[in-house]
Structures are given as structure tokens and as C-alpha cells.
Amino acid sequence: MNTMKPSKPVILTGVRANNNIHIGNYFGAILPIINMTKRRPDEYDINLFIPDLHSFTTPIDHSKLYDSTLNNARVYTAAGLSLDNPSIHLYRQSYIPAHSELTWILDCFTGFGEMSRMTQFKDKGSKGDASVGLFNYPVLMAADILLYGATYVPVGDDQTQHLELTRDIAERMNRKFGDLFTVPKPVIQQHQFFGKDQGLRIKDLVNPAKKMSKSDESGKGIIFLSDDPKSAHKKIMSATTDSIGKVQYDKENQPGISNLLEILTLVRQDADGEVTLEKTANEYFGMDRYGDFKRIVADEVAEFLENFQNRLAAVDERAIEEKLASSEKDMNVVANETLYRVQKAVGLRK
Ligand code: TYM
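Remember, predicted model here, so these are calculated numbers, not experimental data.

Each value, and the rule that gives it
Residues numbered from 1 in each chain as written. Predicted model: local features only at pLDDT ≥ 70, side-chain atom pairs only at ≥ 80, totals over all residues. Heavy atoms only, no water. Helix = DSSP H or I, 4+ residues; strand = E, 2+ residues; numbered from the N terminus. Rg over C-alpha atoms; globule rule 2.2 N^0.38 Å. Buried < 20%, exposed > 50% of the residue type's maximum accessible area, 1.4 Å probe, protein only. Contact = heavy atoms within 4.5 Å. Areas by Shrake-Rupley, 256 points an atom, 1.4 Å probe, with all protein chains shown as cover. Lys, Arg positive; Asp, Glu negative; His and termini not counted. Charge placed at Lys NZ, Arg CZ, Asp CG, Glu CD. pLDDT = per-residue confidence, 0-100. Near = heavy atom within 4 Å. Polar contact = N/O pair within 3.5 Å; in protein donor to acceptor, adjacent residues only side chain to side chain. Salt bridge = Lys/Arg side-chain N within 4 Å of Asp/Glu carboxyl O. Pairing = 2+ DSSP bridges. Right-handed = clockwise from strand over helix to strand, strands pointing away.

Draft legend 1. Broad picture of the overall build of the protein. Looking only at helices and strands, the protein has 13 helices and four strands in total. Rg of the C-alpha trace for the protein: 21 Å, near the compact-globule value of 20 Å for 350 residues, within the 12% margin. Counting across all 350 residues of the protein, residues that qualify as buried make up 52%. Long-range contacts, defined here as pairs at least 24 residues apart, represent 74% of the contacts in the protein between residues at least 6 apart. Summed over all atoms, the accessible surface of the protein reaches about 16,300 Å², with 50% contributed by carbon and sulfur. One finds the centroid of the 43 positive side-chain charges in the protein at a distance of 4 Å from the centroid of its 47 negative side-chain charges.

Okay, here's the thing in C-alpha cells:
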């Protein structure tokens, strides 16, 4: 069995369709892939897609889904995605039926036990009457990745377990059927590739023990890309800190301050990719007035949002729709090739 070899290594990621994309999504997944398109534009195929089928594993307002999906494409574009580079592919998952078809096949090679260990399901699924879709979504995610032979998949820390699951499913099927899938790199190598030592996990501003998450209902601990800069400023000014009274990067004892140092570094990186956490932490090390430090972070976050929102207002809707249509056409061809190879391997095709 021949593995389809894309001409260039593929980097792939997606953010669920949502009008409430937050800075964790932006800095954890969107920006790393966009920076790669800028730094090494011709070395990779870049698939930045919209997992619209993943967007209702928990209940949503379906009258808004279609527009939320387009909103993701607008956000990717405002973040700097070039629409005229032919190596960049922007598409919606549900426009490529092979995603759903491959999911079913992968399902039959995935253990109920291994799925039951997925911590995200355990966290969200334990809250009541969870859907089968929520349980199964990591397998759809594996299909998203394996259909295109992706090598690198930039995701935040909360998704790394799903990436490991994808590798396990691919290796299991390769052992059984020959060289069927390109296996994405192990998580550690993924981080090295993106120049980090671990996955990003921006924390909630009110409760820095948990991650910033769109499912948080109050919204007080989250900076959304759509937040009015003034209200984002207020959220940072009321972020939870500690009683130690000295700014330093110490995630264990000062999770709130450490989170603000990370956020400050990330908004600065948006303008200048060379800024590091170490540099920011050294700059403010030992500062003893948290109010002054918070004001610096709040000012820069507000400025980042203002710039981002100006770029968002200026995106070219028509160019986005044209890019979606052309990528969806091209990606159907790539995905169907992989699907056909798998169908043959499992005996569905001659
Ligand atoms: P989603 O839509 O929940 O989140 C999108 C991306 O944002 C990252 N993220 C964070 N990063 C840092 N700090 C945070 N607080 C934070 N919160 C979220 C997530 O880790 C993710 O990378 N199943 C995926 C979407 C998906 C996908 C894929 C991703 C579907 N198919 C294939 C990669 C490849 C999800 O629900 O992400």
C-alpha cells in the first residue's frame, strides 16, 4: 500500500466555528500556523480549516452557525492569512464529506476504553446528558488530520491528548494494513517545531487554576477577540493575583501573575515575533505594585484588540468566499484520494 506523499509537509489546524474566539484560541492555534506561513511560505502546505461539524457537540444556537463559520474565516484572514498563496488551504470541514466517512471507518478501529480516557470528555461529559458526538469528536479530529497527511498540528495544551490518539489510531491501522497514513510527529517534536517547550494554556483571569475556555458562562475571565477594548481593559484590571506582592514568573505559587506575563508576551509577539516570555518576565521582575503591572498588560491587550478589530473590519468578504470555494474543490480531491486508499485497505473497494 502506498502512502500518499504530499509534495510538501502539511501543517494543519482548526478552531471550532464560534463567534466568540478568545485569545487562547488565537495564540494557541491560529497565530503559530500563520507565523509559519510568513516565515517559511513555500516550504509547507498549510491547511487552516473550520471544523464546523465539531461546533455543535454541545448545544448551540443553530441559526448562528453558518455565519459563525464564516466568522472564523474572517478571523484567520485578519490574523494575517494570505488568501492568494496557493499553498494555503482554507476550507470548511462539512464541505468535504470524506471527513465524516473516514470517521466511521476509524471509529471501528478505536477502542471504547481509549475514548473513555479522554480527559476533555470526562470534564465536559460528566456535566449531564452529553451527546455521542461529544464522546466521538476526537475520532473526527483524527480524520481531519489523517486525510491530508498532516505532519504538524499546532494546538493548545488541551488538545494534545487528541493528537496522541490520532497517532495511535494511525499507527494501529498502518500495522494492520501497511503504510496507510502519514503519522503526525510526536507532541514533543511538534512543540520544538513551533519553538516552544510545551503547549500553550492561557488561564482564566478570574480563576487562574483553570484554562480560559469559551464554555465559561460568565465571560469575566476570558478575553474574546470581539471584546470592546475598554471592557477587556477592565477584565485585566480585575484579574485575580496573589498576596506575594512581587511580579515574577512562578506558575505554581503565582498563577495569576504568571498568566498575565504570558498574555503580555503574546500580545507583544503579535507585533514582534522575537519577544520571549523570558524577556518580558525579566523586564517586570520584582515590580511590587500589581496595579501598575496590570495597567501595562491591560493597555497593551486593549491596543492589540483595537488593531485586530480594525483588521477584521477591513477583510475582503468576497476574496474569502472565493478562497473557500477553490480550497474546498482542491481539498475534496486530496481527501477523496486518502479515503479511497482506506476503503480499498479495509475491503470496501476492489
Ligand atoms: P477548539 O475550537 O476548542 O480550540 C481551538 C484551539 O485553541 C486552543 N485553545 C487554547 N490554547 C491556549 N490556551 C487556551 N486557554 C486555549 N483554549 C483553547 C485549542 O487547544 C485548539 O488548538 N477539536 C478542536 C478543533 C479541531 C482540530 C482538528 C484542531 C477539530 N479538528 C484537527 C486541530 C486539528 C477543538 O475543539 O479546538
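Draft legend 2. Molecular detail of the confidence of the model for the protein. Per-residue pLDDT for the protein has a mean of 93; in total, 97% of the residues score no lower than 70. Below pLDDT 50 for its whole length, residues 1-5 participates in 19 contacts with residues either more than four positions away or in separate chains.

Draft legend 3. The arrangement of the site of the ligand in detail. Within the structure, the ligand sits among 27 residues, and Arg16, Asp144, Gly156, Asp158 and Ile202 are positioned closest to it. Separating an oxygen atom of the ligand from a backbone N or O atom of Gly156 is a distance of 2.8 Å. When the ligand sits alone it has 710 Å² of accessible area, and the protein chains cover 99% of it. Taken together, the elements giving at least two residues each to the shell around the ligand come down to β1 (10-14), α1 (23-39) and α6 (132-146).

Draft legend 4. Focus on the pattern of salt bridges. In the structure shown here, the tally under the stated rule is 17 salt bridges. We note a salt bridge from Glu328 to Arg92, for which the minimum N-O separation is 2.8 Å. With Glu328 in helix α13 (residues 317-345) and Arg92 in strand β3 (residues 88-92), the pair connects residues that are 236 residues apart, well separated along the chain. Arg92 gets classed as buried once you look at its relative accessible area, which sits at 7%. The shortest N-O distance in the salt bridge between Asp292 and Arg289 comes to 3.2 Å. Here the salt bridges do not stand alone but share partners, grouping Asp67, Arg74 and Glu317 into one network.

Draft legend 5. Up close: the pairing of β3. A large share of β3 lies buried, amounting to five of its five residues. Burial along β3 is two-sided: the face carrying Ile88, Leu90 and Arg92 and the face carrying His89 and Tyr91 are both buried. With five bridges joining them, strand β2 (residues 45-50) and β3 adopt parallel strand pairing. Within β3, the position partnered with Ile46 by the bridge is Ile88. Taking the sense of rotation as the criterion, the β-α-β connection linking β2, helix α2 (residues 65-78) and β3 turns out right-handed.

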